[in-house]
Amino acid sequence: MNPLRDVTGAWTGTASFRMMPTDEFAEGAATASSDSEAAGWGWSLRYTWVHAEDGEQSGLLLVASPTDDGAITAAWIDSWHQKPYLQAFTGTFTEGVVDVSAEYAPGWVWRIVVGPEGDGLRMVMHNAVPEGHGDFAGSYPVMEFALARSRG
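Attention here is on the structure that accompanies the text. Small disclaimer: the values here were computed from a predicted structure and weren't measured. (Residues numbered from 1 in each chain as written. Predicted model: local features only at pLDDT ≥ 70, side-chain atom pairs only at ≥ 80, totals over all residues. Heavy atoms only, no water.)

### Remarks on the sheet that holds strand β7 (residues 97–105)
Read around the barrel, 10 strands follow the order β1-β2-β3-β4-β5-β6-β7-β8-β9-β10 and close on themselves; strand pairing throughout is antiparallel. For this sheet, the mean angle separating the axes of adjacent strands, direction not counted, is 25°. Alignment of strand β9 (residues 120–129) against strand β10 (residues 138–149), held across nine bridges, turns out to be antiparallel. Considered in β10, the bridge of Met 123 is made with Phe 145. (Pairing = 2+ DSSP bridges. Helix = DSSP H or I, 4+ residues; strand = E, 2+ residues; numbered from the N terminus. Axes fitted to C-alpha atoms, helices over the stretch in contact; angles between N-to-C directions.)

### A word on the pairing of strand β6 (residues 82–94)
As paired elements, strand β5 (residues 71–78) and β6 share seven bridges and run antiparallel to each other. The residue bridging Asp 78 from the neighbouring strand is Gln 82, located in β6. Across five bridges, β6 lies against β7 in antiparallel orientation. Paired with Thr 94 across the bridge in β7 is Val 97. Between β6 and β7, which pair antiparallel and follow one another directly, the connecting turn spans two residues, one of which, Glu 95, has a positive phi of 50°.

### A word on the pattern of salt bridges
Enumeration over the complete set of coordinates arrives at four salt bridges. Between Asp 99 and Arg 111 there is a salt bridge whose closest N-O contact spans 2.7 Å. With Asp 99 in strand β7 and Arg 111 in strand β8 (residues 108–117), the pair connects residues that are 12 residues apart, well separated along the chain. By relative accessible area, Asp 99 is classed as partly exposed at 25%. Take Arg 111: its relative accessible area is 31%, and that puts it in the partly exposed class. (Salt bridge = Lys/Arg side-chain N within 4 Å of Asp/Glu carboxyl O. Buried < 20%, exposed > 50% of the residue type's maximum accessible area, 1.4 Å probe, protein only.)

### Describing the packing of aromatic side chains
All chains considered together, the criterion is met by eight aromatic pairs. Relative to Trp 49, the ring of Phe 17 has its centre 5.6 Å away and its plane inclined at 35°; by these criteria the two rings are tilted. You can see Phe 17 sitting in strand β1 (residues 9–17) and its partner Trp 49 sitting in strand β3 (residues 42–51), a full 32 residues away along the chain. Given a relative accessible area of 10%, Phe 17 falls into the buried group. For the ring pair Tyr 47 and Phe 145, a centre distance of 5.2 Å and an interplane angle of 70° mean the geometry is edge-to-face. Placement of Tyr 47 in strand β3 and of Phe 145 in strand β10 is noted, with a sequence separation of 98 residues between them. (Phe/Tyr/Trp six-rings, centres within 6.5 Å; stacked < 30°, edge-to-face > 60°.)

### Side note on the pairing of β3
A regular strand carries its side chains on alternate faces of the sheet. The element β3 is largely enclosed, with a buried count of seven among its 10 residues. Pairing analysis gives eight bridges linking strand β2 (residues 26–37) to β3, with the strands arranged antiparallel. Following the sheet pairing, Glu 37 is matched in β3 by Gly 42. Taken together, β2 and the strand that follows it, β3, pair antiparallel across an intervening segment of four residues, in which Ala 38 is found at a positive phi of about 50°. Of the strand pairs in this sheet, β3 and strand β4 (residues 55–64) are connected by 10 bridges, and their pairing is antiparallel.

Structure follows, in structure tokens:
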């Protein structure tokens, strides 16, 4: 069943975004709500964040329960990064952390890591650039969410 039941609820905090690894992060407000789905067989994280030029954005990460060996599948959609189609991911659930990735173009990989951090919740999105595409090749964080439980 759902191993992420301890991180369900409402969250507020910040989301930091940058386009390229040499860019500074632009920080903005973020909110999220996470819930158990499908009678406990899945978990969802719905979130909002603010893009410095394009304004408020939103997204949804839906994660299936892990197999006995910790393998998971997930689906993701985001109004700025991933639209109009869902992106399917595969990955692992280890020690309370979801770590999923998918190739979205030949050699280009998007990775999402989300899990508890202290009393909060942290989500980091990475982009992996293949060799031969500009001055940078490798993986770097694009988005970093730092969320605390909402009070109220």
